[in-house]
Amino acid sequence: MNYSTKISERMWNQSDKGELEAAREQTFIDDIVQKAHIERELLDSLDGIETAFDGGAGSGRFSILLVKHGVKVTHFDISQPMLDKAKEIADKEGVIDNITFVKGELEDLSAYADKSFDLVMSFDAPISYTYPNQEKVIGELVRICRKRILLSVSSRLGSLPYLANPLQKNQFILDKDSKDEWVQWCINAREQMIEGFSFDKENILKAYDTGFLGDVEETKAAYDRGEAPWCITYHFMPQELENILKSFGVKNITLAGPGAFARTIPNEILVKIMNDPKHREDFLEVCHMYDSNPYVCGMGKDNLFAKGEI
């Protein structure tokens, strides 16, 4: 078992991960924007789709959505807390009988034959956590796909601004009174983050060249010390992702950067928009239009989205 698998298992199998994942759209606005974009793309991609594979399916945000639209889904994830939460939600929604839950790692899809599923999807960057096997994993996802593939991976251009903005997550806090520990940490540590910040050009250039915002060896060392560090994360360039998909025979590829429009707007305005149902609906529609433009696809908040045909 390689480091990426071991670190991902430990990180995502922490007991609170299922609950935290399920609540993200009630906690952070960037998650609302990203998931609204993906939902729109998914629902526009269901023509002729009867079966789907959701790789890194988490708490079921999209697998449950597809089941509600008549698709039989294999919900595949490395995390038992995520699977448990997804089962709980699916049972509550009355759709659990049409979902097959599988605990597994994206690095090993050998149990599935070629073209096993009409649609294959993998969102919120689990592919980026499989380094150094990310290209192989994309190839395997394409292999088991019969008609249509939709992916989102960590975006290199979209993530680089993090290194120059320690307050980037504060912009997207939906409810400052939330009991979520991360929300409260972002708020309480704001001044400390500003005071401790220094612009590190060399670090940014290194991330731009390598695709890693953090130190891979230090992440491995943290795991060996018994910690549960954030997964080793490879960040893709837009053209790089498109070329990889093309190399595996994917056609009619479109890219998008969910969150590119929203990241230009201050928190106070974003919160006001989100709290008005009509404004929120209109805003998410505009975000989808803007973020789908190829000229901004690399500047999505966290993820680079891709859709293609087999």
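These lines cover the structure that appears in this document, whether it is placed above or below. Keep in mind that this is a model prediction, so the values were computed, not measured. (Residues numbered from 1 in each chain as written. Predicted model: local features only at pLDDT ≥ 70, side-chain atom pairs only at ≥ 80, totals over all residues. Heavy atoms only, no water.)

## Overview of the packing of helix H6 (residues 134-143) against helix H12 (residues 238-247)
When two helices pack together, their arrangement is given by the angle between the helix axes and the distance between those axes. Put simply, the test is: Interaxial angles span 0 to 180 degrees and are taken between N-to-C directions of axes, which are lines fitted to C-alpha atoms, for helices over the stretch in contact. Helix and strand definitions follow DSSP, with helices as H or I runs of at least four residues and strands as E runs of at least two, each counted in order from the N terminus. Angle categories: roughly parallel below 35 degrees, roughly antiparallel above 145, roughly perpendicular from 65 to 115, and oblique for all the rest. It is the rotation of the near helix from the far one that decides the hand of a crossing: anticlockwise by less than a right angle makes it left-handed, clockwise makes it right-handed. Pairs of residues are marked as contacts when any of their non-hydrogen atoms sit within 4.5 Å. Three classes are used: nonpolar for Ala, Val, Leu, Ile, Met, Phe, Trp, Tyr, Cys and Pro, charged for Asp, Glu, Lys and Arg, and polar for all others, with Gly counted as polar.
At their nearest, the axes of H6 and H12 sit 10 Å apart, and the two run at 50 degrees to each other. With respect to their mutual orientation, H6 and H12 come out oblique. Here the hand of the crossing between H6 and H12 comes out right-handed. Between H6 and H12, the residues in contact are Glu135, Ile138 and Val142 and Leu241, Ile244 and Leu245, respectively. Within the contact of H6 with H12, the residues separate by chemical class into 5 nonpolar, no polar and 1 charged.

## Some thoughts on the layout of surface pockets
Keep this limit in mind: Put simply, the grid is 1 Å and covers the protein atoms alone, a cavity is a trapped set of points that fit a 1.4 Å probe, a pocket is an open set with protein on both sides within 12 Å along at least five of seven lines, and lining residues have an atom within 4 Å of a point. Grid points are joined across faces, edges and corners, and a volume is the space filled by probe spheres set on the points.
Computed from the structure, the largest pocket encloses a volume of approximately 1600 Å³. Along its surface, the largest pocket is lined by 47 residues, and Met11, Tyr162, Gln168, Trp182 and Trp230 are the ones closest to its centre. Breaking the lining of the largest pocket down by element, the ones donating at least two residues are helix H1 (3-12), helix H2 (17-22), helix H3 (29-43), helix H8 (181-188) and helix H11 (216-224). Looking at the lining of the largest pocket element by element, the count peaks at 4 residues for H8. Of the residues assigned to the lining of the largest pocket, the class counts are 23 nonpolar, 12 polar and 12 charged.

## Focus on empty space enclosed by the protein
All chains considered together, the criterion is met by 1 cavity of 30 Å³ or more. Computed from the structure, the largest cavity encloses a volume of approximately 390 Å³. In terms of lining residues, the largest cavity is bounded by 27 residues, among which Gly56, Ala57, Gly58, Asp77 and Pro126 are the most central. Elements that contribute at least two residues to the lining of the largest cavity include exactly H1 and strand S2 (72-77).

## Concerning the packing of aromatic side chains
The line we're drawing: Here a pair means two rings of Phe, Tyr or Trp (six-membered ring of Trp) with centres within 6.5 Å. Their orientation is stacked below 30 degrees between planes, edge-to-face above 60, and tilted elsewhere. Two thresholds decide whether a charge sits over a ring: the Lys NZ or Arg CZ must be within 6 Å of the ring centre and within 35 degrees of the ring normal.
All told, the structure shown has 18 aromatic pairs when counted by the stated rule. Here the aromatic residues Phe53, Phe76, Tyr112 and Phe117 are joined through ring pairs into a cluster of three or more. In this structure, Arg10 packs its charged tip against the face of Tyr223, placed 3.7 Å from the ring centre. Directly above the aromatic system of Phe28 lies the positively charged group of Lys169, at a separation of 4.4 Å from the ring centroid.

## Remarks on the sheet that holds strand S7 (residues 303-309)
Where strands meet in a sheet, backbone hydrogen bonds hold them as pairs that are either parallel or antiparallel. Quick reminder of the rule: The pairing criterion for strands is at least two bridges between them, as found by DSSP.
Taking strand neighbours across the sheet as the criterion, the 7 strands line up as S3-S2-S1-S4-S5-S7-S6 in an open arrangement whose pairing is mixed. Looking along the sheet, the strands with just one partner apiece sit at the ends: strand S3 (99-103) and strand S6 (251-256). For this sheet, the mean inter-axis angle between neighbouring strands, taken without regard to orientation, is 15 degrees. For strand S4 (residues 117-122) and strand S5 (residues 145-154), the ladder comprises 5 bridges, and the chain directions are parallel. Residue Ser122 lies in a different strand from S5, and its bridge partner there is Leu151.

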